[in-house]
Amino acid sequence: MIERGRLFIISGPSGVGKDTILNKFLPMSSNCKRAITATTRTPRLGEVHGAHYYFYSREEFLQMAENGELLEYTEYNGNLYGPPKKGVEEIQNSGKNVILEIEVHGGLKVKKMYPESVLVFIVAPSWKVLEQRLRDRGTESEQDIQTRLKNARFELSKAHEYNYIIINDVLERCCERLGAVISAAGCEERHMKSFIESLRLPPL
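Conventions used here
Residues numbered from 1 in each chain as written. Predicted model: local features only at pLDDT ≥ 70, side-chain atom pairs only at ≥ 80, totals over all residues. Heavy atoms only, no water. Helix = DSSP H or I, 4+ residues; strand = E, 2+ residues; numbered from the N terminus. Rg over C-alpha atoms; globule rule 2.2 N^0.38 Å. Buried < 20%, exposed > 50% of the residue type's maximum accessible area, 1.4 Å probe, protein only. Contact = heavy atoms within 4.5 Å. Areas by Shrake-Rupley, 256 points an atom, 1.4 Å probe, with all protein chains shown as cover. Pairing = 2+ DSSP bridges. Axes fitted to C-alpha atoms, helices over the stretch in contact; angles between N-to-C directions. Left-handed = near helix turned anticlockwise from the far one by under 90°. Nonpolar A, V, L, I, M, F, W, Y, C, P; charged D, E, K, R; others polar. Polar contact = N/O pair within 3.5 Å; in protein donor to acceptor, adjacent residues only side chain to side chain.

### Focus on the overall build of the protein chain
- Scanning the protein chain for helices and strands turns up eight helices and nine strands.
- Here the C-alpha radius of gyration of the protein chain, 18 Å, is about what a compact globule of 204 residues would show, namely 17 Å.
- Along the first, second and third principal axes, the C-alpha atoms of the protein chain reach 70 × 40 × 30 Å.
- For the protein chain, with 204 residues in total, the buried portion stands at 42%.
- In the protein chain, 67% of the contacts between residues at least 6 apart in sequence involve partners at least 24 apart.
- Of the roughly 11600 Å² of accessible surface on the protein chain, a fraction of 54% belongs to carbon and sulfur atoms.

Next up, the structure:
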């Protein structure tokens, strides 16, 4: 019988490098797979439907939500985001851990529905570095940048509700930390119960 994979939720302010981390980490991990999130936002340059996100109109997205097809959904910067249930469950049932990158509101919602999920919060080394990373992307207007920085203040206020906090200072080091978190989570007592119970202990 295949052991069901665990659910890891990755969150953090826009610009901390969540996508960069996962793009580096996932090819090195044999037991983790990223769940694709549905969104109503416009694709950025190079983003592909079904690979980076599922891009839908607002009407299509809300219909999916009404049909109960989303794990949860929330609005962020004027756009809707939500992971389809089917994709998450398929990954877990295959025995792989699910890596779900969603914003803080969504992460905390999922934690309430799935208490066994593990929350990982990614932060930049400093506020100055975070702002510079947003500007270096060159994909947002000044107004968008200020909105994202305002949202970052709120998101950072919720970091204490996450299980782990990882600083994205050096990419390779950050990936090592994420791998360590996933390994440690797999050794939690709640995940080892079936193994302990399977041991045939000798009589006293």
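### What about the sheet that holds strand E7 (residues 97-101)?
- Taken in spatial order, the five strands line up as E2-E7-E1-E8-E9 in an open sheet, and their pairing is parallel. Strand pairing shows two members of the sheet lacking a second neighbour, strand E2 (32-34) and strand E9 (164-167), which therefore form its edges. Recorded for the sheet is a direction-independent mean angle of 25° between the axes of neighbouring strands.
- As judged from the three bridges shared by E2 and E7, these two strands associate in the parallel manner. Bridging from a neighbouring strand, arginine 34 pairs with isoleucine 99 of E7.
- The strands touched by helix H3 (residues 85-93) within the sheet are strand E1 (7-11), E2 and E7, with E7 carrying the most contacts at an inclination of about 150°.

### Describing the packing of helix H5 (residues 127-137) against helix H6 (residues 142-157)
- Remark: H5 packs on H6, axes separated minimally by 11 Å, with the N-to-C direction vectors making an angle of 145°. At the point where H5 passes H6, the crossing takes the right-handed sense. Contacts between H5 and H6 pair Trp127, Leu130, Glu131, Leu134, Arg135 and Arg137 from the former with Glu142, Ile145, Gln146, Arg148, Leu149, Ala152, Arg153 and Leu156 from the latter.
- Per-class residue counts for the contact of H5 with H6 are seven nonpolar, one polar and six charged.

### Thoughts on the environment of serine 29
- Residue placement: serine 29 occurs in the loop between helix H1 (18-25) and E2.
- Remark: the alpha-carbon pair of serine 29 and glycine 179, spanning 150 residues in sequence, is separated by 8.2 Å.
- From its side chain, serine 29 meets the backbone nitrogen of cysteine 32 in a polar contact 3.4 Å long.

### With respect to the environment of asparagine 151
- Structurally, asparagine 151 can be placed in helix H6.
- Spatially, the C-alpha atom of asparagine 151 lies 17 Å from that of proline 125, the residues being 26 residues apart in sequence.

### Overview of the sheet that holds strand E6 (residues 79-82)
- The mixed open sheet is built from four strands, whose spatial order is E4-E3-E6-E5. Two strands close off the open sheet at either side, each with one partner strand: strand E4 (53-55) and strand E5 (74-76). The mean inter-strand angle of the sheet, taken between neighbouring strand axes irrespective of direction, is 30°.
- Inspection of the sheet shows strand E3 (residues 37-39) paired to E6 by two bridges, in the antiparallel sense. The residue of E6 that forms the bridge with threonine 39 is tyrosine 81.
- Where helix H2 (residues 58-66) meets the sheet, it contacts E3, E5 and E6, and its direction lies at approximately 35° from that of E6.

### Describing the environment of isoleucine 36
- Residue position: isoleucine 36 is located in the loop between E2 and E3.
- Remark: the alpha-carbon pair of isoleucine 36 and leucine 100, spanning 64 residues in sequence, is separated by 7.5 Å.
- Those residues in contact with isoleucine 36 that sit more than four places away from it in its chain are Gly50, Ala51, His52, Tyr53, Tyr54, Pro83 and Pro84.

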